[in-house]
Amino acid sequence: MRILVVGAEGTVGQAAIGGLRAGHEIIKAGRKSGDVTVDMMDAASVSAMYAKIGKVDAVVCTAGHSYFGPIDTMTPTQFLDGMKDKVMGMVNLVLLGHPHVNDGGSFTLTSGILSRDPIRQGANAAACDGALDAFVISAAIEMPRGIRINAVSPGLLQEAEQKYDGFFPGHDAVSSRRVGLAFAKSIEGAITGQVIKVD
Ligand SMILES: NC(=O)c1ccc[n+]([C@@H]2O[C@H](COP(=O)([O-])OP(=O)(O)OC[C@H]3O[C@@H](n4cnc5c(N)ncnc54)[C@H](OP(=O)(O)O)[C@@H]3O)[C@@H](O)[C@H]2O)c1
């Protein structure tokens, strides 16, 4: 398969690629890193990327930053910035990308555990995760030409434990191997409209 991975050089992106069988052609994308550069928050940049790379069998997004901060000081702008980045970035890739995906291809987005297992300062991240889960469940029933769409919803990855030290009390971090298998299930398997949880 020809697979575009936006966010390929990140923690989750590397786990996703690591879970795939050998032999795929992987096109890595990021704002600064990868084979092709894109800012998924910018519709023109997303369209230019798709025009440049040509048709693919699968689009995977493991990018996006939500806002982390306490609810009592969070501003509407901070909340909206998180939604624009993580939610609209991934939605842009789907809405502008499906004509560039081959029949029977797939989209796999990355949400996260916080919509079902909250932490302090995680309200924006939780809202982004929940929005993405709802989007794939609904979009799946009307994707054209047999194109599938799923979300992988991982817990904190072991590789990110240090970065988020103290933010996830009591959470049992998940291995990149298990996260990679969830991406493989979506990309190489046959399911659609699913939120694949890795807790
Ligand atoms: N890490 C975890 O434990 C964990 C757990 C559950 C869910 N998640 C979710 O998984 C996603 C990725 O997390 P991560 O920890 O892997 O992040 P990360 O290590 O910071 O990697 C993010 C990647 O996305 C690219 N990127 C960022 N913004 C972009 C944009 N606007 N357009 C295109 N590419 C962009 C970055 O490349 P450039 O720097 O080149 O742009 C980088 O390759 C996030 O949505 C996060 O909420 C992460």
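Up top you'll find the structure we're talking about.
Below or above, wherever it landed, is the structure these notes cover. (Residues numbered from 1 in each chain as written. Predicted model: local features only at pLDDT ≥ 70, side-chain atom pairs only at ≥ 80, totals over all residues. Heavy atoms only, no water.)

### Comments concerning the pairing of strand 6 (residues 148-154)
Burial of strand 6 is extensive: seven of the seven residues sit out of reach of the surface. Where burial is concerned, the two faces of strand 6 agree: the one with Arg148, Asn150, Val152 and Pro154 and the one with Ile149, Ala151 and Ser153 are both buried. Bridge analysis of strand 5 (residues 101-110) against strand 6 gives five bridges, and the strand direction is parallel. Across the sheet, residue Ser106 finds its bridge partner in strand 6, namely Arg148. Of the strand pairs in this sheet, strand 6 and strand 7 (residues 195-198) are connected by four bridges, and their pairing is parallel. Residue pairing across strands places Val152 opposite Ile196, the latter belonging to strand 7. Taken together, strand 6, helix 5 (residues 176-188) and strand 7 constitute a β-α-β crossover, and its handedness is left-handed. (Buried < 20%, exposed > 50% of the residue type's maximum accessible area, 1.4 Å probe, protein only. Helix = DSSP H or I, 4+ residues; strand = E, 2+ residues; numbered from the N terminus. Pairing = 2+ DSSP bridges. Right-handed = clockwise from strand over helix to strand, strands pointing away.)

### What to know about the packing of aromatic side chains
Centre distance and the angle of the planes are the two values used to describe a pair of aromatic rings. Taken as a whole and judged by the stated rule, the model has three aromatic pairs. Ring geometry for Phe68 against Phe167: centres 6.3 Å apart, planes inclined by 80°, an arrangement best described as edge-to-face. Residue Phe68 is found in the loop between strand 4 (56-61) and helix 3 (76-95), and its partner Phe167 is found in the loop between strand 6 and helix 5; the two are separated by 99 residues along the sequence. Using a relative accessible area of 28% as the deciding quantity, one classes Phe68 as partly exposed. Note on Phe167: relative accessible area 31%, which makes it partly exposed. Taking the centre distance of 5.9 Å and the plane angle of 80° together, the rings of Tyr164 and Phe168 count as edge-to-face. For Phe168, a relative accessible area of 12% corresponds to the buried category. By the ring-pair criterion, three or more aromatic residues cluster together here, those being Phe68, Tyr164, Phe167 and Phe168. (Phe/Tyr/Trp six-rings, centres within 6.5 Å; stacked < 30°, edge-to-face > 60°.)

### Things to note about the nonpolar core
Counting residues in hydrophobic clusters, the biggest one holds 31 residues, and the most contacted among them are Leu4, Val6, Met49, Tyr50, Phe107 and Ile149. Of all the elements in the fold, those that place two or more residues in this core are strand 1 (2-6), strand 2 (25-30), helix 2 (43-53), strand 4, helix 3, strand 5, helix 4 (123-139) and strand 6. When residues in this core are grouped by element, the largest group, five residues, is from helix 3. Not counting the four nearest positions on each side in its chain, Ile149 is found in contact with Val94, Phe107, Leu109, Phe135, Val136, Ala139, Ala140, Met143, Thr192, Gly193 and Gln194. (Core = buried A, V, L, I, M, F, W, Y, C linked by side-chain atoms within 4.5 Å. Contact = heavy atoms within 4.5 Å.)

### Quick notes on the site of the ligand
Contacts to the ligand come from 26 residues, most closely from Val12, Arg31, Lys32, Ser33 and Lys86. Between the ligand and Asp39 there is a distance of 2.9 Å, counted from a nitrogen atom to a side-chain nitrogen or oxygen. Here an oxygen atom of the ligand and a backbone polar atom of Leu157 are 2.8 Å apart. Considering only residue class, the shell around the ligand consists of nine nonpolar, eleven polar and six charged. (Near = heavy atom within 4 Å. Polar contact = N/O pair within 3.5 Å; in protein donor to acceptor, adjacent residues only side chain to side chain. Nonpolar A, V, L, I, M, F, W, Y, C, P; charged D, E, K, R; others polar.)

### Considerations on the pattern of salt bridges
Opposite charge on two side chains makes pairing possible when the charged atoms of those side chains draw close. The full count for this structure, using the stated rule, is four salt bridges. Residue Glu25 is joined to Arg2 by a salt bridge in which the shortest nitrogen-to-oxygen separation is 3.2 Å. Remark: Arg2 occurs in strand 1 and Glu25 occurs in strand 2; sequence separation between them is 23 residues. Since its relative accessible area comes to 42%, Glu25 is described here as partly exposed. Given the relative accessible area of 22%, Arg2 is considered partly exposed. One salt bridge in this structure joins Arg116 and Asp199, with 2.5 Å as the shortest N-O distance. Residue Arg116 is found in the loop between strand 5 and helix 4, and its partner Asp199 is found in the segment after strand 7; the two are separated by 83 residues along the sequence. (Salt bridge = Lys/Arg side-chain N within 4 Å of Asp/Glu carboxyl O.)

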